[in-house]
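Tertiary structure, described
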Protein chains: 2
Amino acid sequence: MSDRDTRHKASMEKLKARVEEKVASANEQRGLIIVNTGNGKGKTTAAWGTVTRALGYGYKVGVVQFIKGLWECGERNRLEEDANLEVAIMATGFTWDTQNRQADTDACQAVWKEAERMLADPETYLVVLDEITYMLKFGYLEIESVKQALENRPQEQTVIITGRNAHRELVAMADTVTEMQEVRHAFNNGLQARRGIDF
Amino acid sequence: MSDRDTRHKASMEKLKARVEEKVASANEQRGLIIVNTGNGKGKTTAAWGTVTRALGYGYKVGVVQFIKGLWECGERNRLEEDANLEVAIMATGFTWDTQNRQADTDACQAVWKEAERMLADPETYLVVLDEITYMLKFGYLEIESVKQALENRPQEQTVIITGRNAHRELVAMADTVTEMQEVRHAFNNGLQARRGIDF
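Attention in this report is confined to the structure presented alongside it. Keep in mind it's a predicted model, so treat the numbers as computed, not measured.

Okay, the sheet that holds strand β3 (residues 85-89) of chain B next. A sheet is described by the order of its strands in space; here 12 strands give the open sequence β3(A)-β2(A)-β4(A)-β5(A)-β1(A)-β6(A)-β6(B)-β1(B)-β5(B)-β4(B)-β2(B)-β3(B), paired in mixed fashion. Among the strands making up the open sheet, the edge pair consists of β3 (85-89) of chain A together with β3 of chain B. Across the sheet, the mean angle separating the axes of adjacent strands is 15 degrees when strand polarity is ignored. With 6 bridges connecting them, strand β2 (residues 60-65) of chain B and strand β4 (residues 124-130) of chain B associate as parallel partners. When the bridges of β4(B) are listed, B:G62 appears paired with B:V127. Sitting on the sheet, helix α5 (residues 101-119) of chain A is in contact with β2 (60-65), β3, β4 (124-130) and β5 (158-162) of chain A, with an inclination near 155 degrees to β3(A).

This part covers the interface of chain A and chain B. By convention, interface size is frequently given as the accessible area that disappears when the constituent parts associate. In this assembly, 85 residues from chain A lie in contact with 85 residues from chain B. Buried area between chain A and chain B, both sides added, is near 7,900 Å², and the carbon and sulfur share of it is 53%. Inspection of the region where chain A meets chain B yields 4 salt bridges. Mapped by element, the contributors of at least two residues to the side of chain A that touches chain B are α1 (3-25), α2 (43-56), α3 (74-79), α4 (95-98), α5, β4, α8 (168-173) and β6 (176-184) of chain A. Looking at the side of chain A that touches chain B element by element, the count peaks at 12 residues for α1(A). Per-class residue counts for the side of chain A that touches chain B are 31 nonpolar, 28 polar and 26 charged.

Further remarks concern the nonpolar core. Core analysis: the largest hydrophobic core is formed by 36 residues, its most contacted members being A:F66, A:W112, A:L129, A:I132, A:M135 and A:I161. Contributing elements (two or more residues each) for this core: β1 (33-37), α5, β4, α6 (132-137), α7 (143-151), β5 and α8 of chain A together with α1 (3-25) of chain B. A total of 7 residues in this core trace back to one element, the largest contributor, which is α5(A). Core analysis: the next-biggest nonpolar cluster, separate from the first, contains 34 residues, B:C108, B:M135, B:L150 and B:V159 among them.

Superposing chain A onto chain B takes a rotation of 180 degrees combined with a translation of 0.0 Å along the rotation axis, leaving an RMSD of 0.0 Å. The two molecules are tied by a two-fold rotation axis, judged by turn and shift. Most of the interface of chain A is mirrored in chain B, where 100% of its interface residues again form contacts.

The rules behind the values
- Residues numbered from 1 in each chain as written.
- Chains lettered and ligands numbered in written order.
- Predicted model: local features only at pLDDT ≥ 70, side-chain atom pairs only at ≥ 80, totals over all residues.
- Heavy atoms only, no water.
- Pairing = 2+ DSSP bridges.
- Helix = DSSP H or I, 4+ residues; strand = E, 2+ residues; numbered from the N terminus.
- Axes fitted to C-alpha atoms, helices over the stretch in contact; angles between N-to-C directions.
- Contact = heavy atoms within 4.5 Å.
- Buried area = accessible area lost by both parts, 1.4 Å probe.
- Salt bridge = Lys/Arg side-chain N within 4 Å of Asp/Glu carboxyl O.
- Nonpolar A, V, L, I, M, F, W, Y, C, P; charged D, E, K, R; others polar.
- Core = buried A, V, L, I, M, F, W, Y, C linked by side-chain atoms within 4.5 Å.
- Buried < 20%, exposed > 50% of the residue type's maximum accessible area, 1.4 Å probe, protein only.
- Least-squares fit on C-alpha atoms with pLDDT ≥ 70 in both.

Pasting the structure below:
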């Protein structure tokens, strides 16, 4: 065996030991609270990736879309025939189009009722609260209601929360928090959002 | 209208103007190079979310998995019946299990041939090079080959590159770069990876 191959083998043996140690020390089993936040791309897209994954195993999934309700959405097109997927969409456009706080609050509260139902359902393995952070920021929804629904959810249920500027109390409750940071964004260099990629 | 409602409306009008200005200034149309890097979760999952999205519009998609070849994978289960999706998987286990540089290099080069074919195919709207950054890091693949294939790809084709420590030349070529940063990870607090969520 060459020197390079020998060094490679030794370094991989170390890596294997580290991986195995980590796997062995993780022994608690329950649903998670996952927060995808930050100013970069991938917060919602990663949530949809997890939805696809969970559906792939036959789990029941609920998605609540608090903002992108009126956008066309390739993921929904692709997955909506799946009987295990329920999608609830806030019945209003972008808040910067409606410009009406009361109407937005009403629409938010109505779809939050759907979210509460999903968060109380032991059959639902995964709930996505997509862009819910903005509802808290705009005051359409109270943090206390969200905390309570999360705390009382079934033990096996995982919840994914997406959106910028996640409320500090949500971050504090979460098991996994990822900050998607924008290093560079095509849109800021004059490139159009692409169908099937960006939306 | 109450003061609070009036302030809300004014602030939303400003936001709307900013959104519209950005949309108007983005007028270049072509496929993108997107890099999902960083030590946090969501790099691969966001790529699978985009795959689901593109398939939802009926686009042809190619995925090359350079590392997780032997893991069970809910996304693949869910999507593999789609005639528009082709998945090529590196025919080896985790590099820390095989511990054999030559065998890994051969396996990498073989699946890279599949990637090159996809990257040259004008019908393929999206190509995912999942975990390819490690192939470059371990020296199984040359950066020059990857650069050349990316540069010569069809103009309408988008490529998503995932993995930690993306090569600086890939970052330099990319249109959109997102750094997924780990703020907190359940696994490090003793929580087991969950079927349908983490894998």
